[in-house]
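Structural description and commentary
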Amino acid sequence: MSKIDFKAEREKLVKRLIEEGFLSDEKVIEAMKKVPREEFVPENLKSSAYADSPLPIGYGQTISAPHMVAMMCECLELKVGDKVLEVGAGSGYHAAVIAEIVAPENVENPGHVYTIEIVKELADFARKNLEKTSYIKRVTVIHGDGTLGIPEHAPYDKILLTAAAPKIPPPLIEQLGPGGILVAPVGEPHFYQVLQKLRKNRDGKTEFSDLCSVAFVPLRGKYGWKI
Ligand code: SAH
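Attention in this report is confined to the structure presented alongside it. (Residues numbered from 1 in each chain as written. Predicted model: local features only at pLDDT ≥ 70, side-chain atom pairs only at ≥ 80, totals over all residues. Heavy atoms only, no water.)

**Focus: the site of the ligand**
The ligand sits among 27 residues. The nearest are Glu-86, Ser-91, Glu-117, Gly-146 and Arg-220. A distance of 3.0 Å is found between a nitrogen atom of the ligand and a side-chain nitrogen or oxygen belonging to Asp-145. In this structure, a nitrogen atom belonging to the ligand sits 3.4 Å away from a side-chain N or O atom of Thr-162. Secondary structure elements with two or more residues in the shell around the ligand: strand S2 (61-63), strand S3 (83-87), helix H4 (93-102) and strand S4 (112-117). At three residues, the largest contribution of residues to the shell around the ligand is made by S2. When the residues that make up the shell around the ligand are grouped by side-chain class, the tally is twelve nonpolar, eleven polar and four charged. (Near = heavy atom within 4 Å. Polar contact = N/O pair within 3.5 Å; in protein donor to acceptor, adjacent residues only side chain to side chain. Helix = DSSP H or I, 4+ residues; strand = E, 2+ residues; numbered from the N terminus. Nonpolar A, V, L, I, M, F, W, Y, C, P; charged D, E, K, R; others polar.)

Quick look at the structure:
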C-alpha cells in the first residue's frame, strides 16, 4: 500500500469544511490544519482519519467527526489564554485542537485545557496520544466523572461536553466564569440531541440558545444517563 500523505489529506478536509460552512474562524482553521488526527485514532483506522465521520476508539465510544469538532470550537469563541474544561476526553483529539487555539507555542500568557474522561482506559489512551503529539504540556487529562466538573481549577472561560446530557449538569454551570461559554449536546441517548450554547453574563445570569441537531454518545456519571 502506498504511503498516505496525511498533511495533504488534512488540508483537503479543512478546505471542504470551509466550503460546507463549518469553519470560518481563522484560529480554528489553522488549528485543524495542524493537529494530526491520524495520531488519535486506533492504528487500523489511520487510513480513515480524514473522512468527515466519527470513528470507534473502543469501549463503545467514538472520536467525534471533524465537522463537529470545528463547529463546537467556533461556538466556544476560543481565544488565546482561555482556560477550558472538556468533559469526555475520548481520544484527546478535540482537546489538542483547543490547545492549539488557546495555548499556541511561544505566546506570553497561554491558556490551558483540562479534559476529564470517565473510562480509565480512554483517559490513558488520550494521555498517550497527547504525549506523542507533544500537546501534553498544554492539556491535563484527568480520570473521573466530568459531570461534577473539576472544582480545583474553576472558574473556566469555556466548557464543552462531548457526550449527550439529560440536562446541563449544574456543577458545570457553577464552574463557568462570568462571560464564559458552555456548549453541550442535550437530549435522549441513542437519538438526535440539540447542541445548546449557554452564555454566562458578567452579572452571572445565563442565556441559552439551541444551535442544531447532533448525535453524540450518552453522558454517564452523576448527572448523566443511568444506562
Ligand atoms: N472529545 C473526544 C470524543 C469523546 S466521545 C475526542 O476528541 O475523541 C465522549 C466521551 O465521553 C467518551 O469517551 C465517554 O467515555 C466520555 N464520557 C461519558 N460520560 C462521561 C462523564 N460523566 N465524565 C467524563 N467522561 C465521560
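**Digging into the pairing of S4**
Taken across its six residues, S4 has six buried, putting it largely inside the fold. Side chains His-112, Tyr-114 and Ile-116 project from S4 onto one buried face, and the interleaved Val-113, Thr-115 and Glu-117 project onto a second face that is buried too. Relative to S4, S3 runs parallel, the two sharing five bridges. Paired with Leu-85 across the two strands is Tyr-114, which belongs to S4. Pairing analysis gives five bridges linking S4 to strand S5 (residues 139-143), with the strands arranged parallel. (Buried < 20%, exposed > 50% of the residue type's maximum accessible area, 1.4 Å probe, protein only. Pairing = 2+ DSSP bridges.)

**Points about the sheet that holds strand S9 (residues 206-214)**
Ordered in space as S5-S4-S3-S6-S7-S8-S9, the seven strands form an open sheet in which the pairing is mixed. Of all the strands in the sheet, the pair left with one neighbour each is S5 and S9. Each neighbouring strand pair of the sheet contributes to a mean axis angle of 15°, computed without reference to strand direction. Bridge count between strand S7 (residues 176-186) and strand S8 (residues 193-200): six bridges; the pairing is antiparallel. Across the sheet, the residue bridging to Val-183 is Lys-197, located in S8. Strand contacts of H4: S3, S4, S5 and strand S6 (156-161), with the helix running at about 165° to S4, the strand carrying the most contacts. Contacts from helix H5 (residues 120-132) reach S4 and S5, with the element oriented near 165° to S5. (Axes fitted to C-alpha atoms, helices over the stretch in contact; angles between N-to-C directions. Contact = heavy atoms within 4.5 Å.)

**What about the state of the cysteines?**
Applying the stated criterion to the full structure yields zero disulfides. Cys-212 supplies the cysteine sulfur nearest to Cys-75, a cysteine that is in no disulfide, at a spacing of 7.1 Å. Given a relative accessible area of 12%, Cys-75 falls into the buried group. (Disulfide = S-S within 2.5 Å.)

Function-wise, these values are silent; they only describe arrangement.
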